[in-house]
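What follows is the residue order along each chain.
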Amino acid sequence: MIRNIRSVTVICIIISLFSGSIFSESVFAGSNDFFSRENIITIAKGFASLYLLNKVNKLITEQNEPEPVFEQQIRTEKSSGISSGIDNKIIVIDAGHGGSDPGAIGKGGLREKDVTLDIALRLYQLLRAYTKARVYLTRDKDQYVSLQERSVMANSLGADAFISIHINAAENGIEKGIETYAHYNSPEEAWALAWYLQESLVKELGLLDRGLKADNFHVIRETKMKAVLLEVGFISDRTEEGLLKQPATREKAARAIYQGLLTYYDKG
Ligand SMILES: [Zn+2]
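Here is what the cut-offs are and how they apply
- Residues numbered from 1 in each chain as written.
- Predicted model: local features only at pLDDT ≥ 70, side-chain atom pairs only at ≥ 80, totals over all residues.
- Heavy atoms only, no water.
- Donors = N, O, S within 2.8 Å, 3.2 Å for Na, K, Ca; no water.
- Helix = DSSP H or I, 4+ residues; strand = E, 2+ residues; numbered from the N terminus.
- Buried < 20%, exposed > 50% of the residue type's maximum accessible area, 1.4 Å probe, protein only.
- Salt bridge = Lys/Arg side-chain N within 4 Å of Asp/Glu carboxyl O.
- Arc of directions from axis to C-beta.
- Contact = heavy atoms within 4.5 Å.

Observations regarding the coordination of the zinc ion
Surrounding the zinc ion are the protein donor atoms His 97 (NE2), Glu 112 (OE) and His 166 (ND1), which sit 2.1 to 2.2 Å from the metal. In primary-sequence terms, the residues that donate to the zinc ion follow H-x14-E-x53-H. Placement of the pair is His 97 in the loop between strand E1 (90–95) and helix H4 (112–130) and Glu 112 in helix H4, with a sequence separation of 15 residues. Classification of His 97 by relative accessible area gives buried; the value is 18%.

Right, here's the structure in full:
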């Protein structure tokens, strides 16, 4: 609203300037002196008009630029103060690998442990900033943490959800896409959470949907809460490695997991 008033004011000033200079007085006829008072005023008005036109242009561009949906959503959630289902839940974010264990390494040299840590830290920031969930990381730097230490930590915290972040790799180098794991014996809620996170990641990153899978990984077997393991793309695929190298892709992945978590808790 304030912006609209500002734009209208600026437009009015421009109209008055133009009508005052171009249409009323003839600058070129009748004056031999280039530096006459009229000429200087006209030139000054011309510069002022150009400046103001530029300003209007900027205002219009700003107004037409659509705000990213995610930002709007976050702002609404924050300003409305509505408690979401995730509030007070204990969420453990597990960045796969670390330290002496680099995880998979892409042909371009990208290391799984660096990507998983970056996505985990971004997800942590989002949850801390915009929800009242109690959020923990199994590691917050490049350090080795055993699988046992990860599951023991989540169990002793009495966590509600355990989100393990990994990047996939295939020897044949041709596999692509996103898949999410729960354990063979996982309860239904774990599969539901896996479904929401998988859906959100595929939608946000636009990569191949490889679906939900069951496996026997330690962190989804030994944890007592809903536990899922995400494989966010293939580091062994040139294109996906290139994407995962970019901070923007990691931010998208973190936002997708954040959004998936909120949706899960609001529907559950
Ligand atoms: Zn891994």
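So, next bit.
Regarding the pattern of salt bridges
If you walk through the whole model with that rule in mind, you get 15 salt bridges. Where salt bridges share partners, they join Asp 118, Arg 122, Arg 250, Glu 251 and Arg 255 into one cluster.

Some remarks on helix H5 (residues 147–157)
Along H5, the residues classified as buried are Arg 150, Ser 151 and Ala 154. Relative to the axis of H5, the buried residues are bounded by an arc of 90° and lie together on one face. Within H5, the exposed residues directed more than 90 degrees away from the buried face are Gln 148 and Ser 156. Buried residues in H5 make contact with E1, strand E3 (161–168) and helix H7 (218–221). Just beyond H5, the residue with positive phi is Gly 158, at close to 65°.

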